[in-house]
Structures are given as structure tokens and as C-alpha cells.
Protein chains: 2
Amino acid sequence: MAKAKDAKNLDTSTGEKIKEAARKVFIKKGYAATRTRDIAEEAGINLALLNYYFRSKERLFQEVMSEKFQQLFSVIQPVINNEDLSLEEKVEILVENYIDLLLENQDLPLFVLSEIRVHPERFKQAVQVQKILKGSSLIRQVREKRPDIDPIHFVVSLLGMVIFPFVAKPILFASDSVFNEMMQERKRLVAQWIKAILKS
Amino acid sequence: MAKAKDAKNLDTSTGEKIKEAARKVFIKKGYAATRTRDIAEEAGINLALLNYYFRSKERLFQEVMSEKFQQLFSVIQPVINNEDLSLEEKVEILVENYIDLLLENQDLPLFVLSEIRVHPERFKQAVQVQKILKGSSLIRQVREKRPDIDPIHFVVSLLGMVIFPFVAKPILFASDSVFNEMMQERKRLVAQWIKAILKS
DNA sequence: AAATATTTTAATCAAATGATTAAAATTATA
DNA sequence: TATAATTTTAATCATTTGATTAAAATATTT
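Predicted, not measured: the structure shown is a model, and the values here were computed from it.

Cut-offs and rules
- Residues numbered from 1 in each chain as written.
- Chains lettered and ligands numbered in written order.
- Predicted model: local features only at pLDDT ≥ 70, side-chain atom pairs only at ≥ 80, totals over all residues.
- Heavy atoms only, no water.
- Least-squares fit on C-alpha atoms with pLDDT ≥ 70 in both.
- Contact = heavy atoms within 4.5 Å.
- Phe/Tyr/Trp six-rings, centres within 6.5 Å; stacked < 30°, edge-to-face > 60°.
- Buried < 20%, exposed > 50% of the residue type's maximum accessible area, 1.4 Å probe, protein only.
- Lys NZ or Arg CZ within 6 Å of the ring centre and 35° of its normal.
- Salt bridge = Lys/Arg side-chain N within 4 Å of Asp/Glu carboxyl O.
- Helix = DSSP H or I, 4+ residues; strand = E, 2+ residues; numbered from the N terminus.
- Buried area = accessible area lost by both parts, 1.4 Å probe.
- Nonpolar A, V, L, I, M, F, W, Y, C, P; charged D, E, K, R; others polar.

Caption draft 1: Geometry of the relation of the copies chain B and chain A. Overlaying chain B with chain A gives an RMSD of 0.0 Å, the required rotation being 180 degrees about an axis along which the chain moves by 0.0 Å. Such a combination of turn and shift is consistent with a two-fold rotation axis. Taking the C-alpha atom as reference, chain B places B:Gly160 closest to the rotation axis, 2.3 Å from it. Here 100% of the contact residues of chain B are again contact residues in chain A; the copies associate through an equivalent surface.

Okay, structure coming up:
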């Protein structure tokens, strides 16, 4: 075989170069505004190679999106189902980890959410998220502590307080440095506030 | 003159038919995925009329977006600057009014936010929102009550708790009816919770 | 080294797309 | 009613776009 799949080529192979360029361009422009030529140029490869390696723009996008969707939930899943953590510990870790993830990938939430909005049919993974969440240790612990309120309200509040600033950043925040400092401060505040409303 | 600008034609005129179709299609698909032919078909008019009345796809979009951007903030502005309302009253009214607005226009936040993300340069209006917010009566009242915390944290939390469910709806909620009931219940909860964390 | 398989390139296609044009139809004005 | 202005239509343009093809270049196997 002539395929360059040796260890040292795994991260610089043509396929990976294309995928990395696709991540960058798809996330920056969204699916519809992205031209396969943009990706090819960004990757420094011939346009035909994109189709040679990934068949179509659509399939390349699916690979990128599937990866980004997972990235968005892989931080949550191990925490919300860790039976060894108390409810308050879960809240603290979730907030801290999620803000750190989003600070490193600020366009992630809006990229995923806006593509889902336009093409909900492509995201059957979303149904699974609902199931995993519903059956999680976190939800059970919240229900025990506050049987009077649907636990999803607390989860939505936590996620809203953490994710929304990233989604509304262009409207609400002036500079990057102000935003970043604010989000560091916010780790402590959101954890504190969620714990407070769980008691209220 | 031959223009049909009589009162009875104002809402069914060709220009308004095009604009209404543009609202529908742009919001459903986003700018990049929208074809001017989609809008023409939706409006039941000849494609050339779109350019005759609005010059270009770009200009038609600007009109629609400007309208929708305003819609998203016109509910807030009068409340946050009403000197006659106490902080707690402002919180209650903001939450109630905003949830009602978004229940009637569920795609509004994600439509506006995702277009801003992809084309931030087109939204100079966003800077004004920051100014108006910063100088609002609401911010002053929050600062008085909690001088220890940057008031923007509270505003972001309120907006996050209210807007995020609409943004994450396809992922977090199964059916429309469940969602709508949940959001009605949420009016009371978010108001209560924001008031609580203002005291914590 | 020769033969074979894989990767890369330049050229090209067909369809889609935003926009324009010139003529026809309609409406308003004189 | 005749004339002028406005609106609407069908046809067409020039680009753009995703994808393909056939040949060239490179790497692998025998």
C-alpha cells in the first residue's frame, strides 16, 4: 500500500490538513457560507483532494460537526454521572470545566447551536443528550434536594449562566481582555449562585 | 404618481409581500443559505421585483435584520430605564415580558446572534446596546445593592436564564408543549432566583 | 528495475445564483 | 382619451460553486 499512515504523518497528512482547515472555515463562516475552495486554500491543497478524501462538502462537514458536538458534551457527561460527587461538587466542577472549555473554544456553542437550528434533522445525537441528561445522577440529586421544582430548570439555569455570555459576547462585551477576566470571576459566582437557588 | 401607497394597500403591497417573505425565509435558513428565488417564490412574485424594490439581497436582509435586532431590544430598553420601577419590579417585568416575546418569536435570538457571529462588522448597533445598558437605571440600582460584584454579571445571568432555553431548545427539550409549559413556569422561577442571588 | 497502486494536479462540467435588461402590462396624469 | 410614469414579466448574463475526469506525479510492491 502507498498510504502515508505512519505515526509521524498522522497529524500532517493531507486528510488531516483538510480537516483542520475545514474546522477553521466551517466554524468561522458556518456551513452555508463556506466554499469548498476556501477550505482547499486554507489547507494549501488542490480542490479535488477535498472530494478525493471526503467525498463531498456535506460529509466533511458531518465529520467536523460530529467532533464539535461531542466536544461540547464530553465535558459534561463524566461529571453529571459521577456517583462519587455530591450535588454541590458537581455544580462547582461543571461550571469550572465548562467555562475553561468555552474560553478555549469561544465559537463552539453558537456554531453548533446555529447549525442545529437550521438543520435539526441532521442531529439525531441531540435526542441522546436528552436521555443521558434525564437519567443522570445529577438530575436525581437535584430532584432529591428540590422535589418541588422540575430539575431541568436548574440545569438550564446553570448552562444558561455559563454558555450565554459566550453567545452574546459580541453584543454585551467590549474587549476580549475584559471578557476573559469577567469569565474567570464568573466561575466562582455561577457556582455560588446555583448552590444558592438550590437552597432558596 | 402611480405608486400604490394608499392605506388599504400598505400591508399587501408588493414591497411588503417581499419583506414578509424575506422575514420568513431569512429567519428559517439564515442569510447565506437563503436564495433570492426562495423569497420570490414565498412572496409569489417575479424574482426581478426583489431587486426592483430592494436593490439587492444584501439590502433586503439589512432591512429585515435591523427590524429584528430592534425587536429583540425594544422590550428591554423602556424597562431598564424606567426610574419609577424598583430593582425587583424591573426584574419581574423584564423576565415576564422577555419570555412572552420569545415564546412568540422563538427563532429570534439564535437568528440574530448567529448572523452577528458571522458578520460582526455589520452590527454597529451592538455598540449602542452596550452603552445604553451600561448607563441604565437598572445597572445603577444593581450597583447600589451589590457594590461588591460587577453588575453585568447579574444582567448576563438574567438574560442567560431567559434566553438560553430558546437557544438550546432543539437539544434540551422534546416537545413544544412541554417547552411552552416549562417557560410559563420559568417566569416565576427566574424572577425569584435573580432576586435571591441579588441578596446572597 | 518493472509493474502496480495511490496521490495530486489542471482543466472542465453542469447547475445554481444574484442581478440586469428590454419589452409588456398596468396605473396615473394631463 | 392620449401621454407619461410605474410596475411586472420573461429571458438572459456573468459568476460562483460543488464535483468530476483524465492525465501526471509519487510511492509501494513484486
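Caption draft 2: The arrangement of the packing of aromatic side chains in detail. Throughout the structure, instances matching the rule amount to 20 aromatic pairs over all chains. On the numbers, 5.2 Å between centres and 85 degrees between planes, the contact of B:Tyr52 with B:Tyr53 is edge-to-face. B:Tyr53 sits in the partly exposed class, given a relative accessible area of 41%. Aromatic ring contacts, followed pair by pair, group A:Phe26, A:Tyr31, A:Phe61 and A:Phe111 into a single cluster. The lysine or arginine in question, B:Arg122, covers the ring of B:Tyr31, its NZ or CZ lying 5.4 Å from the ring centre.

Caption draft 3: Broad picture of the pattern of salt bridges. Residue and element names in this part refer to chain B. Per the counting criterion, the structure on display carries 30 salt bridges over all chains. Put simply, Glu16 and Arg23 hold a salt bridge, and the shortest N to O gap is 3.2 Å. The class of Glu16 is partly exposed, set by a relative accessible area of 25%. Overall, the relative accessible area of 13% leaves Arg23 in the buried class. Notably, a salt bridge pairs Lys187 with Glu96, separated by 3.8 Å at the nearest N-O pair. Pair noted here: Lys187 is in helix 12 (residues 176-199) and Glu96 is in helix 6 (residues 87-104), with a separation of 91 residues, a long-range link.

Caption draft 4: Structural detail: the interface of chain B and chain A. Tallying the contact residues gives 48 residues for chain B and 48 residues for chain A. For the pairing of chain B and chain A, the buried interface totals around 4,500 Å² over both sides, and the portion due to carbon and sulfur atoms is 72%. Counting the surface chain B buries against chain A, the share from its top three residues, B:Arg117, B:His153 and B:Ile171, is 18%. Here chain B is connected to chain A by 2 salt bridges. Measuring nitrogen to oxygen at the nearest pair gives 3.9 Å for the salt bridge that ties A:Arg117 to B:Asp107. Going through the elements one at a time, helix 1 (14-29), helix 4 (57-74), helix 7 (108-118), helix 8 (125-134), helix 10 (152-167), helix 11 (169-172) and helix 12 of chain B are the ones with two or more residues in the side of chain B that touches chain A. If one sorts the elements of the side of chain B that touches chain A by residue count, helix 10 of chain B sits on top with 12 residues. The residue makeup of the side of chain B that touches chain A, split by class, is 33 nonpolar, 8 polar and 7 charged.

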